[in-house]
Amino acid sequence: MTPEIEFRCTETRDLEPLRQLYVDAFPDEDLFPLVSSLLGGTAPVTSLVAVSGGALAGHVIFTRCTVEPGDFGVALLGPLCVTPELQQSGIGSALVRSGFDHLKTAVGCVFVLGDPKYYARFGFKPDHLVETPCPIPSEWKDAWQSVRLDDGSTVITGRLIVPDAWNDPSLWSD
Ligand SMILES: CC(C)(COP(=O)(O)OP(=O)(O)OC[C@H]1O[C@@H](n2cnc3c(N)ncnc32)[C@H](O)[C@@H]1OP(=O)(O)O)[C@@H](O)C(=O)NCCC(=O)NCCS
């Protein structure tokens, strides 16, 4: 990890730089409308940026959600991105771990739909007890993962209830 990276919560001035960061990190997919909608919405989010030399180097957002029935408080991780020239230097991992630190007193479990080869390093494991808000392709079933931030004593089972911005089937398939 290069020492000059600063990690902090997202601020209003970050919105336009975030647009460019998402264009650079996801050249084939436009995830900025999702990010913008989450940042401007009413559901609580934990949104963190990495800053290098005054420019945004990475971003992660965690959306607070519930699992019903039971109303268990959880978070959904994503999107996560790092500017291409600074990838593979620990920034993505630091953003995820920093998010866990922010969330651990508020939520007991974090969900993600992503590559298990990347997310396993944070303790994520395939979750077959909680349904995704929209259908995912069957070949992605192990990409739907969760990690407990609490002691895991309550079994979480049901369906993830997300704010409207996440209720778009195209975000869950492709
Ligand atoms: C995926 C991403 C966020 C990882 O962040 P990063 O800062 O580059 O990754 P880190 O430095 O924290 O971790 C590097 C490790 O992750 C692995 N890794 C990185 N991207 C990966 C991917 N898409 N799939 C599997 N492993 C991946 C690297 O091989 C490396 O492994 P090692 O530690 O065993 O050597 C970043 O590469 C990125 O923004 N990619 C484009 C956007 C994207 O695909 N986001 C995915 C989530 S929506």
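Given the structure is predicted, the values throughout are model-derived calculations rather than measurements.

1. Some thoughts on the overall build of the protein
Per the secondary structure count, the protein includes four helices and nine strands. In sequence order, the secondary structure elements of the protein are arranged as β-α-α-β-β-β-α-β-α-β-β-β-β. What you see for the protein is a C-alpha radius of gyration of 15 Å, in line with the 16 Å of a compact globule of 174 residues. Across its three principal axes, the protein shows a C-alpha extent of roughly 45 × 30 × 30 Å.

2. Topic: the side chain of Thr83
Among the structural elements, Thr83 can be located in the loop between strand E4 (72-82) and helix H3 (91-103). On the basis of relative accessible area, Thr83 is assigned to the buried category, the value being 6%. Non-local contacts of Thr83, meaning those with residues more than four positions away in its chain, are made with Leu21, Leu56 and Ala57.

3. Here's the deal with the environment of Gly40
With respect to the helices, strands and loops of the structure, Gly40 is situated in helix H2 (residues 32-40). Residue classification places Gly40 among the exposed positions, given a relative accessible area of 67%. With 42 residues separating them in the primary sequence, Gly40 and Val82 have C-alpha atoms 22 Å apart.

4. Focus on the pattern of salt bridges
Oppositely charged side chains may form a pair once their charged atoms are brought near each other. Here the structure, examined in full by the defined rule, presents nine salt bridges. Arg159 is paired through a salt bridge with Glu131; the nearest N and O atoms lie 3.0 Å apart. Residue Arg159 is found in strand E9 (residues 158-161), and its partner Glu131 is found in strand E7 (residues 130-131); the two are separated by 28 residues along the sequence. For Glu131, a relative accessible area of 45% gives the class partly exposed.

5. Quick word on the side chain of Thr132
Here Thr132 is to be found in the loop between E7 and strand E8 (144-148). At 2.7 Å, the side chain of Thr132 forms a polar contact with the backbone oxygen of Cys134.

6. Some words on the site of the ligand
The ligand sits among 16 residues. The nearest are Val82, Gln88, Gly90, Gly92 and Ser93. Here an oxygen atom of the ligand and a backbone polar atom of Ser89 are 3.2 Å apart. For the ligand, an oxygen atom lies 3.2 Å from a polar atom in the side chain of Tyr118. For the ligand, whose free accessible area comes to 880 Å², the fraction covered by protein is 64%. At a threshold of 2 Å from the grid points, most atoms of the ligand map onto the largest pocket. Looking at the shell around the ligand, the elements that each hand over two or more residues are E4, H3 and helix H4 (116-119).

7. Things to note about H3
Here H3 is 13 residues long and its end C-alpha atoms lie 18 Å apart, about the 18 Å a rise of 1.5 Å per residue gives. Within H3, burial applies to Ile91, Gly92, Ser93, Leu95, Val96, Ser98, Gly99, Phe100 and Leu103.

8. Considerations on the pairing of strand E2 (residues 45-52)
The element E2 is largely enclosed, with a buried count of seven among its eight residues. In this sheet, E2 lies alongside strand E1 (residues 5-9) in antiparallel orientation, the contact comprising five bridges. Among the inter-strand pairings, Ile5 is bridged to a residue of E2, identified as Ser52. Pairing analysis gives eight bridges linking E2 to strand E3 (residues 55-68), with the strands arranged antiparallel.

9. Overview of the nonpolar core
Counting 22 residues, the largest nonpolar core has Phe62, Leu77, Phe100, Val110 and Phe124 as the members making the most contacts within it. When contributions to this core are tallied by element, the ones reaching two or more residues are E2, E3, E4, H3 and strand E5 (109-113). In terms of residues, this core owes the most to one element, H3, which gives five residues. Within the second largest apolar cluster, 17 residues are counted, among which are Leu38, Leu76, Cys134 and Trp144.

The rules we used
Residues numbered from 1 in each chain as written. Predicted model: local features only at pLDDT ≥ 70, side-chain atom pairs only at ≥ 80, totals over all residues. Heavy atoms only, no water. Helix = DSSP H or I, 4+ residues; strand = E, 2+ residues; numbered from the N terminus. Rg over C-alpha atoms; globule rule 2.2 N^0.38 Å. Buried < 20%, exposed > 50% of the residue type's maximum accessible area, 1.4 Å probe, protein only. Contact = heavy atoms within 4.5 Å. Salt bridge = Lys/Arg side-chain N within 4 Å of Asp/Glu carboxyl O. Polar contact = N/O pair within 3.5 Å; in protein donor to acceptor, adjacent residues only side chain to side chain. Near = heavy atom within 4 Å. Areas by Shrake-Rupley, 256 points an atom, 1.4 Å probe, with all protein chains shown as cover. 1 Å grid on protein atoms, 1.4 Å probe; cavity = no way out; pocket = protein on both sides within 12 Å on 5 of 7 lines; lining within 4 Å. Sits in = over half its atoms within 2 Å of the grid points. Expected span 1.5 Å × (residues − 1). Pairing = 2+ DSSP bridges. Core = buried A, V, L, I, M, F, W, Y, C linked by side-chain atoms within 4.5 Å.

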